[in-house]
Amino acid sequence: MARAAVLGRLAPIRWQLADVRELIDETPRVKTIVLDAPEWAGHRAGQHVDVRLTAEDGYMAQRSYSIASAPEDELLSITVECLEDGEVSPYLTEELRVGDKLELRGPIGGYFVWETELGGPLLLVGGGSGVVPLRSMLRHRATAGPDVPSRLLYSARSLDDVIYREELGAVDVVYTLTRERPDGWTGYSRRVDADMLREVSFGGAGLAYVCGPTRFVESVADALVGIGYAPDNVRTERFGPTGG
Amino acid sequence: MEEQDLKLDGNAAAGLFRELFSFELTTARGRCDNCGAVAEVGAVLVFANAPGSVLRCPQCESVLMRIAKDGDRYWLDVRGITWLEIRA
């Protein structure tokens, strides 16, 4: 498989200030934060940004969030799920206001990245807010590589928990709802398993990107290899409590 | 919280690597000195809840690397890695 473009020597990574331009309610617990970051040098789909909060007494807390916007989008955005016992996400989702400044650095990471030259077919599998970097890839594909076949398999607890639901109406998406289903739901209603992946995937051809909680990622990645995907063609990103 | 929930991957160490290295380390390939498995750093296991970050082999789970930071000082323990192939 062709790997991502060679990156070369990277510029030193520095903290920069961004203006909060817009806050979008995605679900009751999830917000998208749209940022104007004048020093931002661009990113690749799948990369992250580190966000740092500093309290009045100097205490700092730092978290890494997947970038939700595509490289082609004018503004940078992240999508944050509020974790009840989190240190940073409750501030970002409940306290932050349009016009506030946010300290960030990035882009970060190069492993969980998809670019059009990597080709396809492209199978994206997201669990919960693991859909965020996959949305960046889908947007990138839509503008830069619309001929690459792609499909998103999105595991959510309920339809109300689906992030970017309206936008995803325009792409090839298959949902599985693990806890609550609307009346008359005819889609999948179980955890992602090998049978489901066999039905929605491209027969082991191309690339697969899996993002979600650790156990979700591990079971999906194992199942993908089990149905014929080459291990090197399955890219994974686990998120956990450092996302709080 | 269960131990399983604290297990992340090399993506979670990407910011720390960017502080230390001028090349992207998550796409570098490294060999586990214990079992010989070769993996991209982005795919190894990372336990970030320890004091510092501990990187473990995705095959045998032995320690590849430990990184601790205190203020402006970093400690890098790379005893579990035979080699790293970094793309310049």
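Residues numbered from 1 in each chain as written. Chains lettered and ligands numbered in written order. Predicted model: local features only at pLDDT ≥ 70, side-chain atom pairs only at ≥ 80, totals over all residues.

### Regarding the overall build of chain A
And then number 1: A count of helices and strands for chain A gives 5 helices and 11 strands.
And then number 2: With the C-alpha coordinates aligned to their principal axes, the bounding extent of chain A is approximately 55 × 45 × 30 Å.
And then number 3: Looking at chain A as a whole, 42% of its 244 residues are labelled buried.
And then number 4: Pairs at least 24 apart in sequence give 66% of the contacts found in chain A among residues at least 6 apart. (Helix = DSSP H or I, 4+ residues; strand = E, 2+ residues; numbered from the N terminus. Buried ≥ 20, exposed ≤ 12 C-beta atoms within 10 Å, placed from the backbone. Contact = placed C-beta atoms within 7 Å.)

### Notes on the nonpolar core
Residue and element names in this part refer to chain A.
And then number 1: Counting residues in each nonpolar core, the largest one holds 75 residues, and the members touching the most others are L124, A208, Y209, V210 and V220.
And then number 2: It is helix α5 (residues 214–226) that contributes the most residues to this core, 6 residues altogether.
And then number 3: In this structure, this core is formed jointly by two domains, domain 1 (16–108) and domain 2 (116–243), each of which donates at least three residues.
And then number 4: Excluding its chain neighbours within four sequence positions, the residues that come into contact with A208 are L123, V125, L224, Y229, N233 and V234. (Core = buried A, V, L, I, M, F, W, Y, C linked by C-beta atoms within 7 Å. Domains from an automatic or database assignment.)

### Digging into the pairing of strand β8 (residues 150–156) of chain A
Successive side chains on a regular strand alternate, one facing one side of the sheet and the next facing the other.
All names here are of chain A.
And then number 1: Where burial is concerned, most of β8 is hidden: 6 out of the 7 residues are buried.
And then number 2: In this sheet, β8 lies alongside strand β7 (residues 122–127) in parallel orientation, the contact comprising 6 bridges. When the sheet's bridge partners are listed, L124 is paired in β8 with L152.
And then number 3: For the crossover from β7 across helix α2 (residues 131–144) to β8, the handedness is right-handed.
And then number 4: In the sheet, β8 pairs with strand β9 (residues 173–177) via 5 bridges, with the strands oriented parallel. Bridge assignment links Y154 to a residue of β9, and that residue is Y175. (Pairing = 2+ DSSP bridges. Right-handed = clockwise from strand over helix to strand, strands pointing away.)

### Overview of the sheet that holds β8 of chain A
Residues and elements named next belong to chain A.
And then number 1: Taken together, 5 strands build an open sheet; the order of strands is β9-β8-β7-β10-β11 and the sheet is parallel. Looking along the sheet, the strands with just one partner apiece sit at the ends: β9 and β11 (234–239). Across this sheet, the average inter-strand angle for adjacent strands is 10°, counted without regard to direction.
And then number 2: In this sheet, β11 lies alongside strand β10 (residues 207–213) in parallel orientation, the contact comprising 6 bridges. Paired with Y209 across the two strands is R235, which belongs to β11.
And then number 3: Across the face of the sheet, α2 comes into contact with β7, β8, β10 and β11 while running at roughly 150° to β7.
And then number 4: Docked against the sheet, α5 engages β7, β8, β10 and β11, running at close to 155° with respect to β10. (Axes fitted to C-alpha atoms, helices over the stretch in contact; angles between N-to-C directions.)

### So, α2 of chain A
Residues and elements named next belong to chain A.
And then number 1: With 14 residues, α2 extends 20 Å from end C-alpha to end C-alpha; this agrees with the ideal 20 Å at 1.5 Å per step.
And then number 2: Those residues of α2 not exposed but buried are V131, V132, P133, L134, R135, S136, M137, L138, R139, H140 and R141.
And then number 3: Lining the buried residues of α2 we find β4 (60–66), β5 (76–81), β7, β8, β10 and β11. (Expected span 1.5 Å × (residues − 1).)

### Focus on the domain arrangement of chain A
Residues and elements named next belong to chain A.
And then number 1: On domain assignment, one finds that chain A holds domain 1 (16–108) and domain 2 (116–243).
And then number 2: Counting residues at the interface gives 17 residues for domain 1 and 16 residues for domain 2.
And then number 3: When residues of the side of domain 1 that touches domain 2 are traced back to their parent elements, those giving at least two are β1 (16–27), β4 and β5.
And then number 4: Sort the elements by how many residues they give to the side of domain 1 that touches domain 2 and β4 lands first, with 3 residues.
And then number 5: Split by residue class, the side of domain 1 that touches domain 2 holds 6 nonpolar, 6 polar and 5 charged. (Nonpolar A, V, L, I, M, F, W, Y, C, P; charged D, E, K, R; others polar.)

### Description of unusual backbone geometry
And then number 1: For the bond from G106 of chain A to P107 of chain A, the omega torsion is 0°, close enough to zero to count as cis.
And then number 2: With respect to the helices, strands and loops of the structure, P107 of chain A is situated in strand β6 (residues 101–108).
And then number 3: Residue P121 of chain A is bonded to the preceding G120 of chain A through a cis peptide linkage, with omega at 0°.
And then number 4: You can see P121 of chain A is positioned in the loop between β6 and β7.
And then number 5: A positive phi angle, near 60°, is found at Y164 of chain A, a position not held by glycine.
And then number 6: Considering the arrangement of structural elements, one finds Y164 of chain A in the loop between β8 and α3 (165–168).
And then number 7: A positive phi is found at E61 of chain B, a non-glycine position, where the angle reads about 65°.

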